Structures are given as structure tokens and as C-alpha cells.
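For reference, the chains in residue letters:
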Amino acid sequence: MNQPTGRTIALIALAAFAVYLGIYYWPNIAGFVGLIVSAVAPLVLGLVLAYPLNILMSFYERHLLPGNDGRIICRLRPAISLIAALLTLVVVATAVLWLVVPQLIDCVRLLIDEVPVATVTLFDWLEESDLITPDLVNSVNASLEAFDWKSHVSDLAGAVMSGVVGAVSGVVSGTATFFLGVIFALFVLLNKERLAVQRDLIMERYLSADVLMRVRYVLGIADDCFHRFLVGQCTEAVVLGVLCAVGMFILGLPYPLMIGALTAFMALIPIVGALISGAIGAFLILMVSPVQALIFLIFIVVLQQLEGDLIYPHVVGSSIQLPGIWVLAAVTVGGGAFGIAGMFVGVPLAAVAYRLLRNDVYGTGPSR
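The structure presented is a predicted model; accordingly, all values stated were derived computationally and were not measured. The residue numbering used here restarts from 1 in each chain and proceeds along that chain's sequence as written. Restriction of local features to residues with pLDDT of at least 70 applies here, the model being predicted, together with a cutoff of 80 or more for giving and counting side-chain atom pairs; totals for whole chains, interfaces and linings are based on all residues. Processing note: side-chain calculations cover all non-hydrogen atoms of the structure and skip hydrogens and water entirely.

Here we look at the overall build of the protein chain
Stage number 1. A helix here means a DSSP run of H or I that spans at least four residues, while a strand means a run of E at least two residues long, and both kinds are numbered starting from the N terminus. On a plain count of helices and strands, the protein chain comes out with 11 helices and zero strands.
Stage number 2. Along the chain direction, N to C, the helices and strands of the protein chain fall in the order α-α-α-α-α-α-α-α-α-α-α.
Stage number 3. Contacts are assigned to residue pairs with any non-hydrogen atoms lying within 4.5 Å of each other. Long-range pairs, those at least 24 residues apart, make up 73% of the contacts in the protein chain with a sequence separation of at least 6.
Stage number 4. Working note: accessible area of the protein chain is about 24,100 Å², and carbon and sulfur atoms make up 74% of it. Computed with a 1.4 Å probe, the accessible areas rest on the Shrake-Rupley method; for each residue, only the protein chains presented here act as cover.

Quick notes on the packing of aromatic side chains
Stage number 1. Between 30 and 60 degrees the pair is tilted, below 30 it is stacked and above 60 it is edge-to-face, where a pair is any two Phe, Tyr or Trp rings, Trp via its six-membered ring, whose centres lie within 6.5 Å. Enumeration according to the criterion identifies three aromatic pairs in this entry.
Stage number 2. For the ring pair Y51 and F226, a centre distance of 6.4 Å and an interplane angle of 85° mean the geometry is edge-to-face. One end of the pair, Y51, is in helix α2 (residues 26-63); the other, F226, is in helix α7 (residues 209-251), and 175 residues separate them in sequence.
Stage number 3. Throughout this description, the term charge over a ring refers to an Arg CZ or Lys NZ atom that lies within 6 Å of the ring centre and within 35 degrees of the ring normal. Positioned above the aromatic ring of Y206 is the side chain of R205, whose terminal nitrogen or guanidinium carbon lies 5.5 Å from the ring centre.

Some points on the nonpolar core
Stage number 1. Within the largest apolar cluster, 21 residues are counted, with the highest numbers of intra-cluster contacts made by C244, M248, I259 and F296.
Stage number 2. Counting only elements with at least two residues in this core, the list comes to α3 (71-128), α7, α8 (256-266), α9 (272-286) and α10 (290-320).
Stage number 3. Of all the elements, α10 adds the most residues to this core, at five residues.
Stage number 4. Residues belong to one nonpolar core when they are buried, are Ala, Val, Leu, Ile, Met, Phe, Trp, Tyr or Cys, and are joined through side-chain atoms within 4.5 Å. Only protein chains enter the calculation, and the probe is 1.4 Å; a residue is then buried if its accessible area is under 20% of its type maximum, exposed if over 50%, and partly exposed in between. Core analysis: the next-biggest nonpolar cluster, separate from the first, contains 17 residues, I221, F229, M266 and L322 among them.

Things to note about unusual backbone geometry
Stage number 1. One non-glycine residue, Y255, lies in positive phi territory at about 55°.
Stage number 2. Following the sequence through the fold, Y255 ends up in the loop between α7 and α8.
Stage number 3. Taking the relative accessible area as the measure of exposure, Y255 reaches 15% and is therefore buried.

Topic: the packing of α7 against α8
Stage number 1. Two elements in contact, α7 and α8, have axes whose closest approach is 7 Å; the angle formed by their N-to-C orientations is 160°. One element, α7, and the other, α8, form an angle in the roughly antiparallel class. Once α7 is placed against α8, the crossing between them reads as right-handed. For the pair α7 and α8, contact is made by A237, L240, G241, C244, A245, M248 and F249 and by P256, L257, I259, G260, T263 and A264, respectively. To define axes, lines are fitted to C-alpha atoms, for helices over the stretch in contact only, and angles between the resulting N-to-C directions are given on a 0 to 180 degree scale. Geometric relationships in this document are graded by angle, where less than 35 degrees denotes roughly parallel, more than 145 denotes roughly antiparallel, 65 to 115 denotes roughly perpendicular, and other angles denote oblique. Left-handed describes a crossing whose near helix is turned anticlockwise from the far helix through less than a right angle; right-handed describes the clockwise counterpart.

Points about the pattern of salt bridges
Stage number 1. By definition here, a salt bridge exists when the distance from a side-chain nitrogen of Lys or Arg to a carboxyl oxygen of Asp or Glu is within 4 Å. In total, this model carries six salt bridges according to the counting rule given.
Stage number 2. Measuring nitrogen to oxygen at the nearest pair gives 3.4 Å for the salt bridge that ties R214 to D210. Linking R214 with D210, this pair stays in helix α7, spanning four residues, or about one helical turn.
Stage number 3. Among the residues examined, R214 registers a relative accessible area of 38% and is labelled partly exposed.
Stage number 4. In this structure, R228 engages D224 in a salt bridge whose closest nitrogen and oxygen atoms are separated by 3.0 Å. With a gap of four residues between them, R228 and D224 both fall in helix α7, about one helical turn apart.
Stage number 5. Judged by relative accessible area, which is 25%, D224 ranks as partly exposed.
Stage number 6. Shared partners join several salt bridges into a network, and the residues in it are D224, R228 and R355.

Looking at the environment of G220
Stage number 1. Mapped onto the secondary structure, G220 falls in helix α7.
Stage number 2. The exposure class assigned to G220 is partly exposed, which follows from its relative accessible area of 38%.
Stage number 3. As a C-alpha pair, G220 and V352 span 132 residues in sequence and 9.8 Å in three-dimensional space.

Quick notes on the packing of α2 against α7
Stage number 1. In contact at an axis separation of 11 Å, α2 and α7 are set at 70° when each is read in the N-to-C sense. The angle between the axes of α2 and α7 places the two elements in the roughly perpendicular class. On α7, the residues touching Y51, P52 and I55 of α2 are D223, F226, H227, L230 and V231.
Stage number 2. Its residues assigned to classes, the contact of α2 with α7 shows six nonpolar, one polar and one charged. The residue classification treats Ala, Val, Leu, Ile, Met, Phe, Trp, Tyr, Cys and Pro as nonpolar and Asp, Glu, Lys and Arg as charged. All others, Gly included, are polar.

A look at α2
Stage number 1. End to end, α2 covers 54 Å across 38 residues, agreeing with the expected 56 Å (1.5 Å per residue, within 8%).
Stage number 2. Throughout, the bend at a residue refers to the angle made by two axes, fitted to the seven residues ending there and to the seven starting there. At V40, α2 shows its strongest bend, of approximately 45°, with the proline P42 following within four residues.
Stage number 3. Where α2 is concerned, the buried positions are P42, G46, A50, L53, I55, M57, S58 and E61. Every helix has an expected span of 1.5 Å times one less than the residues it contains.

A short note on the side chain of S81
Stage number 1. Locating S81 in the fold gives a position in helix α3.
Stage number 2. Each polar contact in these results corresponds to two N or O atoms within 3.5 Å; when the atoms are within protein, one needs to be able to donate a hydrogen and the other to accept it, and residues that are neighboring in sequence are counted only if both atoms are side-chain atoms. At 2.7 Å, the side chain of S81 and the backbone oxygen of R77 are in polar contact.
Stage number 3. In this view, S81 contacts M57, Y60, E61 and L64; residues no more than four positions away in its chain are not counted.

Here it is in C-alpha cells:
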């Protein structure tokens, strides 16, 4: 058995000392890492926003005077395509808000009006059923009279004020980060060709030919999977929202446009998005008619089965070439680790890993 050399022992000692320093100074290290993360957050957000926006921008670039390669047209085409992509997003967002917000406000008002009546009805029923006795009412009143409201109200006011201050600062910080990210995304998209050339030059300078080939191979598959997933997910969301609205119109259910738009928006979240929109829609219709809410639940279950068996596998699953069981696994793991963002990103990441593994198993990778 080989004895460890002095260099190995020294490396182990240095590693142990580094671990000790990391544990001892962890609060300082965590604060420094948090500072770095908050500093680069607008840049990361800008790159994240630039990718899906680039898909729409590239669509307009391909269809905006495709046969004209004049110098002026080539210079103006990226800017015009970017403006067209932004206007498209603004129009879609405005349409969704116009469909959802007014009717949602009406539902909230209806709920506020119905809660007092429902509360009185509930207490009357409890009294008629002898579930509330006069002794219990007197005991509750005595407890309320003995309760020190002033001290608790002052504590509650302090907690509310601190919460409001924290929420306002968080909103201001998040808004600033978002706008900086949007500005950075616009600069990236306007200079994407130059940035792509610079990226290739750096990779060719510092990577060997074999590593460069593998990196480009992985990046190409990742770009293809994410592109297909975003396009397929948006297409599936539109189809599902239209089917939901049309079905509700046919059945005579209330709020068809609002719930259809909400279903289309929530369908961007794989698998669970339709469940969330169905629960919200059923609750809103319940405020109008319990019978119609039951009809809507039956309808949305049938629609979700149609989506799971026909729409999603053909529109999204076939586009990213990922079996349904792995889609469910990716959504479960991604959602458990990173919430809604993990559900959204988990599916294309799983598609990338699946395609890389499949190509390696069947010998179609770059090294074969």
C-alpha cells in the first residue's frame, strides 16, 4: 500500500484549514456572497429575459423584408424587430389584464358583500342546531371584554409598520432590479451578433479543439430544447385557454373570458398550472352558483384529461422529445427545489439531460 507523500498531507491539511475558515467565518462569507449575488442579479435577470424575447425577435427578423440585404435594412432590422417583439408582449399582457382584472375585482366585491350574510346565516344555523349555547356566547363575550386590546393593538401596529417598511423596500429594490434587467436585456439583444462573435473568439482562444466541440454540442442541444419548450408551452397555453373559454361559453358558465385567459396564463406552468387555474375558477363561480361551479369542475377535469393525453404530449412533449414520466419527474423535483421557477425550468433541463444521455448511449454524440 502506498504511503501518502508530504505533498498529499500538506494538501489535506490546507483543505481542512480552508473548511475550518469557511465554517468559522461563514456569516461574513455569506454576506459577501449575498452582496455579489445582489450586484449581478440585474445582469442575470437581463440574460433570462433576453432569451425568450430573442425567440420573438428572431421571428420578426426572419419575416421582416427577408429578401432585402441592403446596408440600411440590415442595420435597422434588429431594432425594428426588437420593437415589434416588445409591442407584441405589451399587447398580449394588456389583453390578459383587460380580461382578468375587471372581472376579478367584481368577484372580490361580490365576496366581500356575501361574507357578512354568510356569517350571519352560519351563526343562525349553529344556534338552531344547538351547537352554540347561550353559555358559550356569554363565555366568549366575557373573554373578549377581559382581553387587553390596547397592548395587543400597539404590538400589532408596530409589527404592521415594520412589515410595511420591509415590503416597500423590497418592492422598490425588486422594481429597480427588474428595470435594470430589462435595460440590460435590450442592450444584449441589440448587440447579440457582436456578442456572439466575441464569445466564439474567447472560446476558440482558451479552449482546446476537443473541448470546444463538446461545449458547442451541449450548448446547441440546450438551446434547441429550451427554444422548443418555450414555443410549445406558449402554443399549448393558447390552445388550452381558447378551449376553456369556448367550452364555458357553450355551457353558459360565468366569467368565460376571464377564466380562459387565466387558464392560458397559468398553463405556462407545466402540469400544475391548469390545476391552479381550475381551483381559482371554481371558487369564483361558486360565488355565483354552486351548481355551475360543480359543472365547471366536471368540465375542467375533462379538459385537463384532454390536455394531458392529447394536447401536452403532442404539442410540448413531442417538441422536446421527452417522455411523459420524465416531464412529471422534472416538474416534481424542480418545483420541490425552486418552486414555480423550478417547475418551469426543470422540464427543458431534463430534456437536455435526456437527449445528451440518449445520444451518448446510441453513439451519436460528438466523440463518436
